[in-house]
Amino acid sequence: MSPPVAPPGWSRWLVPPAALSVHLSIGQAYAWSVFKPPLESALGLSGTQSALPFQLGIVMLGLSAAFGGTLVERHGPRWAMTVALVCFSSGFLLSALGAAVEQYWLIVLGYGFVGGIGLGIGYISPVSTLIKWFPDRPGMATGIAIMGFGGGALIASPWSAQMLKSFGTDNSGIALAFLVHGLAYAVFMLLGVLLVRVPRPRERADGGPAALEGVQVPARGAMRTPQFWLLWVVLCMNVTAGIGILEKAAPMITDFFADTSTPVSVTAAAGFVALLSAANMAGRIGWSSTSDLIGRKNIYRVYLGVGALMYALIAMFGDSSKPLFVLCALVVLSFYGGGFATVPAYLKDLFGTYQVGAIHGRLLTAWSTAGVLGPLIVNWIADRQEEAGKHGSALYGTSFVIMIGLLVIGFVANELVRPVHPRHHLPAAPARKEATDVPRQQPESA
């Protein structure tokens, strides 16, 4: 399924909306915490168990992006968006069946495994194309699209909460909510499939510099460099810190202020999830665009260094001030989103645009690891602390200290990133030949 090549005069600004239609849909994953309490009540699950579909979904996101990155480059964004549509929607339909018959393993299989494949293929589907349309502003371009993934929960969180309120929070109500999600997202993602275009072969994109100028490193070669693995650590640590709050956002803010004179209601907790989604979304476009001005290494210094400070403030003073807790969480989530949106441009700076989509896909295995680590650290420690008789903010103190340590590790890894050694570069003449041949072999790389 080859995507249509853009005709003469096609505006590159029509490509981001195509990407957004997919990313806004799959960004529903960030609203999973809205389903956690109803599932725990209806099916008798612990916090750790109810996190499993989300964790598996993030694992499969990274794995499918890693293994599918080369296929996405070869077949183009329309093929990738179609695969994402089928998998993501099918995952919800399987989950609906699992909730209806009270078989939790079907929810894990549907939302986590099948839907997770849709997450991964859908996430990387537009990245390479956008960088090639916007070689002059890669941080802004990827930020626009990846902003949609962060903003998906801004729509999905109140929408899901309203559906659960209308349909009920028993197993049949949850099943109906899953069913509506699957059908609605299929229609919305179809818009991106129909709209997406790739640049015309051997032409510059709308006045920007030629996409394949400068250093070019193939995906296989990139994985042999220390820069790839240092960025892997940077992304993993930043994601772990953010996802630790995001996955348990609704119950976390409820627990933090349960023993105060102003407890947080279920509706307010859902609103907090939506606020986090807004910060996640704003960080993706705001911080990634800033990285075009101050550089990728500098912006990651902010993400990791200031992020550690925010976690320290929550750990020390979060339960005494609701505004402080919310503000620090919003900053952490803005850095979390910004890290995702900036990393494709960081990869482009280090490895070029030749196979940046495939390299990005491989790097997202860091997200898979973080998708397990973040929720596991927060949920497992909270469960153990609860068993020990603790409650409120005491459930999270230890996990927050761990997050600070992980962010420091990421900060050090970022400091060690240097330009890629020339021995990993494609030779200049063959690189130009590859650039000429690519449009005939894989339209997306034109």
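All residue numbers here refer to positions counted from 1 along the written sequence of the relevant chain. Local features in this predicted model are restricted to residues whose pLDDT is 70 or higher, and side-chain atom pairs enter the listing and the counts only when it is 80 or higher, whereas totals over whole chains, interfaces and linings include all residues. As a rule here, side-chain values come from all non-hydrogen atoms in the structure, and water together with hydrogens is ignored.

Overview of the overall build of the protein
- Per the convention used, a helix needs a DSSP run of H or I reaching at least four residues, while a strand needs a run of E reaching at least two, with both numbered from the N terminus. Tallying secondary structure elements over the protein gives 19 helices and 0 strands in all.
- Rg of the C-alpha trace for the protein: 21 Å, near the compact-globule value of 22 Å for 446 residues, within the 12% margin.
- The principal-axis extent of the C-alpha atoms belonging to the protein is close to 70 × 45 × 30 Å.
- When a residue's accessible area, from a 1.4 Å probe over protein chains only, is under 20% of the maximum for its type it is buried; when over 50% it is exposed; and in between it is partly exposed. Counting the 446 residues in the protein, one finds 59% classified as buried.
- Contacts: residue pairs with any heavy atoms within 4.5 Å of one another. Sequence-distant contacts in the protein: of pairs separated by 6 or more residues, those separated by 24 or more amount to 85%.
- For the protein, the exposed area adds up to about 15,900 Å²; of that, 67% sits on carbon and sulfur atoms.
- When the 28 positive and 21 negative side-chain charges of the protein are each reduced to one mean point, those points stand 12 Å apart. Our radius of gyration looks at C-alpha atoms and nothing else; its globule reference is 2.2 Å times the residue count to the power 0.38. Only the protein chains shown count as cover for residues, and the accessible areas themselves come from Shrake-Rupley with a 1.4 Å probe. Just so you know, the count uses Lys and Arg for positive and Asp and Glu for negative, and it drops His and the chain ends. Where a charge lies is defined by one atom per residue type: Lys uses NZ, Arg uses CZ, Asp uses CG and Glu uses CD.

Brief notes about helix α1 (residues 15-26)
- The end-to-end C-alpha distance of α1, which contains 12 residues, comes to 18 Å, matching closely the 16 Å that a straight helix rising 1.5 Å per residue would cover.
- Of all 12 residues making up α1, 10 are buried, and the element is well covered by its neighbours.
- Of all the residues in α1, the buried ones are Val-15, Pro-16, Ala-18, Ala-19, Leu-20, Ser-21, Val-22, His-23, Ser-25 and Ile-26. Expected span, for any helix, means 1.5 Å times one less than how many residues it has.

Points about the domain arrangement of the protein
- In this entry, domain limits derive from an automatic or database-based domain assignment. Parsing the protein into structural domains produces domain 1 (12-195) and domain 2 (219-421).
- Taking the mean C-alpha position of each, domain 1 and domain 2 sit 19 Å from one another.
- Across the contact, 44 residues belong to domain 1 and 45 residues belong to domain 2.
- Accessible area, probed at 1.4 Å, shrinks when two parts are joined; the buried area is that loss added up over both. Counting each side, the surface lost to burial between domain 1 and domain 2 is near 3,600 Å², with a carbon and sulfur contribution of 68%.

Notes on the environment of Val-264
- Tracing the backbone through its elements, the reader meets Val-264 in the loop between α12 (249-256) and α13 (266-294).
- Using a relative accessible area of 12% as the deciding quantity, one classes Val-264 as buried.
- Taking the C-alpha atoms as reference, Val-264 lies 39 Å from Asp-292; in sequence the two are 28 residues apart.
- Once residues within four sequence positions are removed from consideration, Val-264 is found in contact with Ile-253, Thr-254, Phe-257, Ala-269 and Lys-322.

Quick notes on empty space enclosed by the protein
- Site definitions follow a grid-based scheme: protein atoms alone, a 1 Å grid, a 1.4 Å probe that fits but cannot get out for cavities, and for pockets an open set with protein on both sides within 12 Å along at least five of seven lines, plus lining residues having an atom within 4 Å of a point. Grid points are joined across faces, edges and corners, and a volume is the space filled by probe spheres set on the points. Taken as a whole and assessed by the stated rule, the structure comprises 1 cavity of 30 Å³ or more.
- In this structure, the largest cavity spans a volume of roughly 40 Å³.
- Asn-238, Ala-241, Gly-242, Tyr-303, Gly-307, Val-332, Phe-335, Tyr-336 and Leu-407 are the residues that line the largest cavity.
- Residue assignment for the lining of the largest cavity shows that the elements contributing at least two residues are α11 (226-246), α14 (296-317) and α15 (322-351).
- Per-class residue counts for the lining of the largest cavity are 6 nonpolar, 3 polar and no charged. Amino acids outside the nonpolar list (Ala, Val, Leu, Ile, Met, Phe, Trp, Tyr, Cys, Pro) and the charged list (Asp, Glu, Lys, Arg) are all regarded as polar, and Gly is one of them.

Points about the packing of aromatic side chains
- In this scheme Phe, Tyr and Trp rings, the latter by its six-membered ring, pair at centre separations within 6.5 Å, and the angle between planes marks the pair as stacked below 30 degrees, edge-to-face above 60, and tilted otherwise. By the definition in use, this model includes 31 aromatic pairs.
- An aromatic cluster of at least three residues, connected via ring pairs, comprises Trp-32, Phe-35, Phe-88, Phe-92, Tyr-111, Trp-159, Phe-178 and Tyr-185.
- Sitting above the plane of the Phe-257 ring, Lys-322 keeps its charged end 5.4 Å from the centroid. Only when the NZ atom of a Lys or the CZ atom of an Arg is both within 6 Å of the ring centre and within 35 degrees of the ring normal do we say a charge sits over the ring.

A few points about the side chain of Asn-280
- Inspection of the secondary structure puts Asn-280 in helix α13.
- Only 2.7 Å separates the side chain of Asn-280 from the side chain of Arg-284, close enough to count as a polar contact. Contacts described as polar in this section are N or O atom pairs within 3.5 Å, which, within protein, must combine one atom able to donate a hydrogen with one able to accept it, while residues neighboring in sequence count only if both atoms come from side chains.

Comments concerning the pattern of salt bridges
- Criterion for a salt bridge: a side-chain nitrogen of Lys or Arg within 4 Å of a carboxyl oxygen of Asp or Glu. Tallied over the full model, the rule gives 7 salt bridges.
- Residue Asp-292 is joined to Arg-296 by a salt bridge in which the shortest nitrogen-to-oxygen separation is 2.8 Å.
- Using a relative accessible area of 29% as the deciding quantity, one classes Asp-292 as partly exposed.
- The class for Arg-296 is buried, based on a relative accessible area of 9%.
- In this structure, the salt-bridge partner of Arg-384 is Glu-387, at a minimum N-O distance of 2.8 Å.

A short note on the environment of Ala-161
- Within the fold, Ala-161 resides in helix α8 (residues 138-167).
- Once you skip the residues sitting within four places of it in the chain, Ala-161 turns out to touch Val-34 and Ala-270.

Observations regarding the packing of α14 against α15
- Orientation of α14 relative to α15, taken along the N-to-C sense of each, is 160°, at an axis distance of 9 Å. As summarised for this structure, α14 and α15 are arranged roughly antiparallel, according to the angle between their axes. When the axes of α14 and α15 are compared, the crossing they make is left-handed.
- Along the lines of polarity and charge, the residues of the contact of α14 with α15 split into 20 nonpolar, 4 polar and 3 charged. Lines fitted to C-alpha atoms define the axes, with helix axes restricted to the stretch in contact, and inter-axis angles between N-to-C directions lie between 0 and 180 degrees. Each angle is binned into one of four classes, with values under 35 degrees roughly parallel, values over 145 roughly antiparallel, values of 65 to 115 roughly perpendicular, and all other values oblique. Handedness of a crossing follows from how the near helix is turned relative to the far one, being left-handed for an anticlockwise turn of less than a right angle and right-handed for a clockwise one.

With respect to the packing of α11 against helix α18 (residues 397-415)
- Close contact between α11 and α18 brings their axes to 8 Å; oriented N to C, the two are set at 155°. Classified by the angle their axes make, α11 and α18 are roughly antiparallel. Relative to α18, α11 is oriented so that their crossing is left-handed. Residues Leu-230, Val-233, Val-234, Met-237, Asn-238, Thr-240, Ala-241 and Gly-244 of α11 form the contact with α18, whose participating residues are Met-403, Leu-406, Leu-407, Ile-409, Gly-410, Ala-413 and Asn-414.
- Looking at the contact of α11 with α18 residue by residue, the classes come out as 10 nonpolar, 5 polar and no charged.

Quick word on the side chain of Ser-33
- Among the structural elements, Ser-33 can be located in the loop between α1 and α2 (36-43).
- Apart from the residues within four sequence positions on either side, Ser-33 is in contact with Leu-246, Glu-247, Ala-249, Ala-250 and Val-273.

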